[in-house]
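A closer look at the structure
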Amino acid sequence: MALICAPALMGVIAKTKAFFAGRKGPPFLQTYYDIAKLLRKGAVYSTTTSWVFKAGPVVCVGAAGAACFFIPFGTLGAPISFTGDVVLFMYLLGVMRFFTVIAALDTGSAFEGMGASREVFFSALAEPVFLLCILSLARSTQGFRLNELFSAAPPFHMAPALLAGASLFVILLAENARIPVDDPATHLELTMIHEVMVLDHSGPDFGFITYGSCLKLWLFALVFVRMLLPFHATAPGVDVLLTALGMGITGVCVGTVESVMARLRLLRVPQLLAGAAALAVLALLSGEGAIL
Amino acid sequence: MTACNSMSAFILCMLFPAAAALISLPFRLRPRLQAALGAGSAILASTAGLLYAGRGLAGGATLAWHSPWSMPFGSFSLTLDPLSALFLVPLFILSSLGSFYAVEYTKNDGNKGLQWLFYNVLVASMAFVVTASNGLLFLVAWEIMSLSSFACVLSRYEKQESQEAAWIYLIATHIGTAFLLLFFLIAGSKAGGLDFADFSRAAFSPALSGVLFASGLIGFGSKAGFVPFHVWLPRAHPAAPSHVSALMSGIMIKMGIYGIVRSLTFLGRFQEWWGIALILIGSISGVLGVLLAIGQHDLKKLLAYHSVENIGIIALGLGAGILGACFDIPQLAVLGFCGGLLHVVNHALFKGLLFLGAGAVLHSTGTAHIESLGGLIKKMPSTAFAFLVGSMAICGHPPLNGFISEFFIYVAGFNGLRSHHVPVFAATALTMASLALIGGLAVACFTKAFGTVFLGEPRTAVPVRKDAGPFMRIPMFVLCALCLVIGALSWLLVPVLVNPVHLVTSIPERDVRSGISLFTGSLAGISAGCLVFLGVAAVAFIIRKGLLSKKRAAASPTWDCGYIAPNPRMQYTASSFAQPLVLFFRNVLFPRQKTNTRPVPFPGEWSFHSHVPDILLDNVYIPFFTVLGRILSKLRWLQGGKVHVYVLYIALTLIALLIWNFLWNV
């Protein structure tokens, strides 16, 4: 399901941004069109690159696609589930990042090097925060598999969920290269991170990269929605619908943030992430069996 | 064959390579014969040893050998139990592969015979360290290990860095040994004997075992490379030849871990603060190790700092395990120890692999300086592939082995998180958060190392000879395969951890087994997940191939915004890549930067240097030892170099002792 629906979330964001800008905006399914078009094109490879450059996009789709198998959607449980699967989930996204970065470095371009450097910096700070958010959820649900984490039964504490949710939203923006951390719209400024890393990819490779980023955004949004949507509807269909609605709202939120905020200076980003970390620690401490 | 006999065969196996290398010493003009004797005997003995260790690990049987020894309190007793076997297996794997590798690596070296001798002595002494079951024998083996590795570090003795590195190493290791001496003296005097069995019978009081643990932590920790005792490591490892670095980093520093784990078996009931201390040390070593690694420009030095990081991860696992045992949370104890011990094996494999890869780079280019390399993947494809596998394994990426041991520690930590005891909760949360931070930073570090050395274009005109030959290539590929096997088939392999964990924690074997078997479901899930990962990637690959087969894939230079004369110097350098992180952590790392710019209208030559020093070494240890040296040099007149004065000293000491003895008895 995620494999099909993921690019639609990009459409929601684009429509929201268009709404704020007073434009009509691209069609809702534009990301699908983009990917389809890219897949039909030929490719250009730099003479500097090696097989690593070509392996990058393939591994990205592989890792992001595999991560989709671990995450439940509403009451639709994940196909693969075991204690600690959230760790594998996290590290699969790590593999994706590793390969995006080394594929970028393979071009030998200073632009891509710069983007890669920032990517590893910010994600190194974001990773523990993401884990702390998950831990706060794990502490209140007493489970360490994504299926259990995301089927939290009442009594569910609102305070930690809100704190962790806020923290997670920052991580979502940071990991998916959205404003205020990165600007997905620019292509050739020295300020950007993710877009510059994939500058030399073209054709199907770039299509894979775009698809991989859609999947990643989808996954983070899903974790975010489940974090703030703690109740369990009795009818399974309702729950799935609610989750879908939540995804839509998340998309609108991301779009809103992008429309009303400017990109932060790069030096400020670590502070933003540190703030998210503080929120996550608070969420962990104020969870069930609270120490505070 | 009785157990006794087979253990003596094991001892002969261990001594055989050293003897063979010794015999080869006179044949200085026949280097091939020396290599054949040194390597052949090491490989033979290691294979035989591996059979022993494997049997000990799989079967859980204990072999013992005992013989009287004329030393006071010493007995020549050796025991090969599953815990020893767990350390012996990676030792023999790495030593045999390393000696195979060295045949090609040391081809042009002059002092080959000596190098082989010390290498083989080092292997044998480590085998004795992990099998000794008497304090004195342990210390003797420990000292031989330290001295032979010192000699290995000195094998390029004409270089000044080697001399300095070896010197720092010698001092550090002896300070550690001093604490171990203290450890065994206190334990021995209370227990009335130096056999480990005496120690466990003695039932030390909690205060005493606390003291023992603390001195063991310092003594063993300085060998393991815990921060702040790590300063020798980043000097010694780059100075040694790469196969020795692999052995030192992969196995020798683990002897410190072995010492801690072994002492846990006889110190009585675990205490809470041991676990907390290990977790604190582990998180500091882990984070600081990887941060310091990010700032390095020398490939082998970078890897050496990563050993500090991985030792930190091992300490996190052991600390979590101790806490679990204290607070009676069996899953935390079992999984924590499993993770820590498994990481010992895993780190040996992937760090060995990375050092061998770095050695291949050094061998072909003559430099390990990251900034002068680049684009090696084209000239050294197999080394690049091996190094990539190693990098992914050390970052803890599935489907490789590093992930499995970190996964154990994560799940162990999760079990602690549910606890209502504040220390357990806080310590396990710290453990998991540091693991995640270390993981993220390790990605930064290894994308930097791999990206700069192997990808892009050559940065300077360093001549690259051909890729590693078969002797160097095969060991690297074997290690790659082992990393993958442990990563992918972990659920089949982890039951071998039952006996070692049972020995350390004294949790009943049945409970350990059931704890681990509860966990094999997760491990099988990981294998399934990795399979899905490879499957999706394969589908993507086939689609891509299908799409591109009809079209022409054009080749052009890297796009650089229309600049007309791109050259390799425009590439991002490793220093720039690491700069944001280094600057962000400037209050921990104290980086030094030197920019050479002149504010003139038409700027000429600019330069920029950055350097991350080891602040502890430069600002604490070196000033301390300089002052100490100045004070002690005042006593230099005592040592005039005249033999008859020394004889006088001996006579005076004897007389003093006699008088003391006399007074004491009166």
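All of these numbers come straight from a predicted model, not from anything done at the bench.

Let us now look at unusual backbone geometry. Cis geometry marks the peptide bond from isoleucine 179 of chain A to proline 180 of chain A, where omega comes out at 10°. Locating proline 180 of chain A in the fold gives a position in the loop between α7 (158-175) and α8 (194-197). Cis geometry is adopted by the peptide bond preceding proline 228 of chain B, which originates at valine 227 of chain B and carries an omega value of 10°. Despite not being glycine, serine 506 of chain B has its phi angle at roughly 50°, a positive value. Relative to the helices and strands, serine 506 of chain B resides in the loop between α21 (498-505) and α22 (509-549). For serine 506 of chain B, a relative accessible area of 59% gives the class exposed. With phi around 50°, phenylalanine 590 of chain B is a residue other than glycine that occupies positive phi space. Assignment of secondary structure puts phenylalanine 590 of chain B in the loop between α24 (586-589) and β4 (592-596).

Listed per partner, the contact involves 75 residues of chain B and 75 residues of chain A. Interface area for chain B against chain A, summed over the two sides, is near 6,300 Å², with a carbon-plus-sulfur share of 78%. Our count for the contact surface shared by chain B and chain A stands at one salt bridge. The salt bridge partner of aspartate 205 of chain A is arginine 544 of chain B, with a shortest N-O separation of 2.8 Å. At the boundary of chain B with chain A, the tally comes to nine residue pairs in polar contact (both at pLDDT 80 or more). For the side of chain B that touches chain A, the secondary-structure elements that each account for two or more residues are α15 (376-379), α16 (381-394), α17 (401-417), α18 (422-454), α22, β3 (554-556) and α23 (574-584) of chain B.

Now for the confidence of the model for chain B. Looking at chain B, the pLDDT average stands at 89 and 97% of residues meet or exceed 70. As a predicted assembly, this complex carries a pTM of 0.93 together with an ipTM value of 0.93.

In this fold, tyrosine 45 of chain A is placed in strand β1 (residues 44-46). The class of tyrosine 45 of chain A is buried, set by a relative accessible area of 8%. For tyrosine 45 of chain A and alanine 6 of chain A, which are 39 residues apart along the polypeptide, the C-alpha to C-alpha distance reads 28 Å. For tyrosine 45 of chain A, the contacting residues outside a window of four places in its chain are Phe53, Lys54 and Asp205 of chain A together with Arg544, Leu548, Ala553, Ala554, Ala555 and Ser556 of chain B. A distance of 2.6 Å separates the side chain of tyrosine 45 of chain A from the side chain of aspartate 205 of chain A, its partner in a polar contact. A distance of 2.7 Å separates a polar atom in the side chain of tyrosine 45 of chain A from a polar atom in the side chain of arginine 544 of chain B.

Here is what the cut-offs are and how they apply
- The residue numbering used here restarts from 1 in each chain and proceeds along that chain's sequence as written.
- The naming scheme follows written order: chains are lettered A onward, ligands numbered 1 onward.
- Selection of residues for local features in this predicted model requires a pLDDT of at least 70, selection of side-chain atom pairs for listing and counting requires 80 or more, and totals for whole chains, interfaces and linings are taken over all residues.
- Side-chain measures here rest on the full set of heavy atoms in the structure, leaving out hydrogens and waters.
- Each helix is a run of H or I in the DSSP string that is no shorter than four residues. Each strand is a run of E no shorter than two, and both are numbered from the N terminus.
- Three exposure classes are used, based on accessible area relative to the maximum for each residue type with a 1.4 Å probe and protein chains only: buried under 20%, partly exposed in between, and exposed over 50%.
- In what follows, residue pairs with any heavy atoms lying within 4.5 Å of each other are defined as contacts.
- The buried area of a pairing is the accessible area, by a 1.4 Å probe, that goes missing from both parts when the two are put together, added over both.
- The rule for a salt bridge is simple: a side-chain nitrogen of Lys or Arg has to be within 4 Å of a carboxyl oxygen of Asp or Glu.
- Counted as a polar contact is a pair of N or O atoms within 3.5 Å, where, for protein atoms, one must be capable of donating a hydrogen and the other of accepting one, and residues adjacent in sequence contribute only when both atoms are in side chains.
- Per-residue confidence from the predictor is reported as pLDDT, a score between 0 and 100.

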